[in-house]
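# What the coordinates show
Residue strings, one per chain:
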Amino acid sequence: MPSSEPKTKRSTVTLHMVSSLDGIIARKDNSVSWLDSGSVYEAGVSISEEEAAAFVKTIDCYVLGSRTYEHALELGWPYGDTPTVVTTNRDLKSTSTKKSVEFYSGDLKRLVDQILAPRYRNIWLVGGAMLCQSFLELGLVDEIRLTIAPVLLGEGLRLFGGSPTEDRWKLKNVVAYKNGFVELSYSA
Ligand SMILES: NC(=O)c1ccc[n+]([C@@H]2O[C@H](COP(=O)([O-])OP(=O)(O)OC[C@H]3O[C@@H](n4cnc5c(N)ncnc54)[C@H](OP(=O)(O)O)[C@@H]3O)[C@@H](O)[C@H]2O)c1
């Protein structure tokens with residue numbers, strides 16, 4: 001019987017977040033000084049601006065929740081001209097002057113399978129906690145790339161605060177940076 005499912009999955013959804021040692025991704029007041037480098041780890045690697053820019057070019061599309069979007073506008077847009085989908089149930093069109101931004105409301109599986117996957121190979125889900133939690137619950141995340149900052153924050157918004165079930169992931173790579181941050185990569 002013919003199937004409408006593609007034979008091989010060509011797109012990948014990577015959840016990427018920066019977390020404190022105690023699993024927090026945002027302070028209550030939304031300040032971001034905790035993301036500044038505070039230590040030096042001599043055995044770590046560092047990447048040049050050119051390498052970072054070349055890496056960012058491999059990302060075909062960003063997906064973010066509306067609160068992350070609003071915070072990104074305040075801080076200074078970090079996603080350049082790369083196509084970006086913002087999930088919201090509000091009408092936020094008037095907040096965007098960027099041609100690269102589209103708004104989406106509704107079924108997240110439909111967003112990934114029918115809208116993003118046919119258009120983009122390397123899809124990055126970049127927060128926040130609420131949207132990431134929904135993607136994880138729906139099984140829409142292929143890879144988790146977690147960057148751990150060398151700081152305990154005590155309180156704030158937890159990335160995995162609402163995880164209802166045990167879910168095992170395979171460790172794929174670990175990179176320690178000179179600034180004391182560690183990047184952990186996992187696949188489903
Ligand atoms: N450390 C990091 O790496 C990192 C990364 C990203 C964000 N952050 C921080 O995390 C905080 C924001 O995270 P958050 O968990 O509060 O919010 P969020 O996930 O960024 O956004 C939540 C909003 O997304 C929309 N949404 C979610 N699911 C939807 C669906 N199925 N359909 C339509 N809309 C949907 C809703 O928007 P509406 O309410 O508009 O309907 C919801 O209120 C910010 O402080 C941000 O700076 C940190």
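Cut-offs and rules
- Residues numbered from 1 in each chain as written.
- Predicted model: local features only at pLDDT ≥ 70, side-chain atom pairs only at ≥ 80, totals over all residues.
- Heavy atoms only, no water.
- Axes fitted to C-alpha atoms, helices over the stretch in contact; angles between N-to-C directions.
- Helix = DSSP H or I, 4+ residues; strand = E, 2+ residues; numbered from the N terminus.
- Parallel < 35°, antiparallel > 145°, perpendicular 65-115°, else oblique.
- Contact = heavy atoms within 4.5 Å.
- Nonpolar A, V, L, I, M, F, W, Y, C, P; charged D, E, K, R; others polar.
- Near = heavy atom within 4 Å.
- Polar contact = N/O pair within 3.5 Å; in protein donor to acceptor, adjacent residues only side chain to side chain.
- Areas by Shrake-Rupley, 256 points an atom, 1.4 Å probe, with all protein chains shown as cover.
- Buried < 20%, exposed > 50% of the residue type's maximum accessible area, 1.4 Å probe, protein only.
- Phe/Tyr/Trp six-rings, centres within 6.5 Å; stacked < 30°, edge-to-face > 60°.
- Pairing = 2+ DSSP bridges.

Helix-helix packing is characterised by the crossing angle of the two axes and by the distance between the axes. In contact at an axis separation of 9 Å, helix 3 (residues 108-116) and helix 4 (residues 129-137) are set at 75° when each is read in the N-to-C sense. As summarised for this structure, helix 3 and helix 4 are arranged roughly perpendicular, according to the angle between their axes. Only Leu131, Ser134 and Phe135 of helix 4 make contact with helix 3, whose side of the interface consists of Leu108, Leu111 and Val112. Of the residues assigned to the contact of helix 3 with helix 4, the class counts are five nonpolar, one polar and no charged.

Let's shift gears to the site of the ligand. Every one of the 25 residues lining the ligand counts as a neighbour, but Asn30, Thr68, His71, Thr88 and Arg90 are closest to it. Residue isoleucine 25 places a main-chain N or O atom 2.9 Å away from a nitrogen atom belonging to the ligand. Here arginine 67 contributes a side-chain N or O atom positioned 3.0 Å from an oxygen atom of the ligand. For the ligand, the protein covers 85% of the area, taking 930 Å² as the surface of the free molecule. Of all the elements in the fold, those that place two or more residues in the shell around the ligand are strand 1 (12-19), strand 2 (24-26), helix 2 (66-75) and helix 4.

Counting through the fold element by element, cysteine 132 comes out in helix 4. Overall, cysteine 132 belongs to the buried group, its relative accessible area being 0%. When the C-alpha positions of cysteine 132 and methionine 17 are compared, they lie 9.4 Å apart, and in sequence the two are 115 residues distant. Excluding anything up to four places from it in sequence, cysteine 132 contacts Leu15, Met17, Leu125, Gly127 and Leu159.

Turning our attention to unusual backbone geometry. The linkage connecting glycine 127 with the following residue, glycine 128, adopts the cis geometry, with an omega of 0°. With phi around 70°, asparagine 30 is a residue other than glycine that occupies positive phi space. Along the polypeptide, asparagine 30 turns up in the loop between strand 2 and helix 1 (49-57). The class of asparagine 30 is partly exposed, set by a relative accessible area of 37%.

The relative placement of two aromatic rings is captured by the distance of their centres and the angle of their planes. Taken as a whole and judged by the stated rule, the model has five aromatic pairs. Between tyrosine 69 and phenylalanine 103, the ring centres sit 5.5 Å apart and the planes meet at 85°, which makes this aromatic pair edge-to-face. Of this pair, tyrosine 69 sits in helix 2 while phenylalanine 103 is found in strand 5 (residues 101-104), placing the two residues 34 residues apart along the sequence. Aromatic rings pair up to connect Tyr62, Tyr69, Trp77, Tyr79 and Phe103 into one cluster.

All right, on to the side chain of aspartate 22 then. Assignment of secondary structure puts aspartate 22 in the loop between strand 1 and strand 2. A distance of 2.7 Å separates a polar atom in the side chain of aspartate 22 from the backbone nitrogen of glycine 154. The contact partners of aspartate 22, leaving out residues within four places of it in the chain, are Val151, Leu152, Leu153, Gly154 and Arg158.

To continue, consider the sheet that holds strand 7 (residues 143-148). In spatial order, the strands read 5-4-3-6-1-7-10-9; together these eight strands make up an open sheet with mixed pairing. Each of the sheet's edge strands pairs with one partner strand only, and the pair in question is strand 5 and strand 9 (170-176). Across the sheet, the mean angle from the axis of one strand to that of its neighbour is 20°, orientation sign disregarded. Two strands pair when backbone bridges link them, and strand 3 (residues 61-65) and strand 6 (residues 122-125) are joined in this way by three bridges, in the parallel orientation. From the neighbouring strand, valine 63 faces strand 6, where its bridge partner is leucine 125. Relative to strand 3, helix 2 is tilted by about 105°, and along the sheet it contacts strand 3, strand 4 (84-87) and strand 5. Sheet contacts for helix 3: strand 1, strand 3, strand 4, strand 5 and strand 6; angle to strand 4, the most-contacted strand, approximately 160°.

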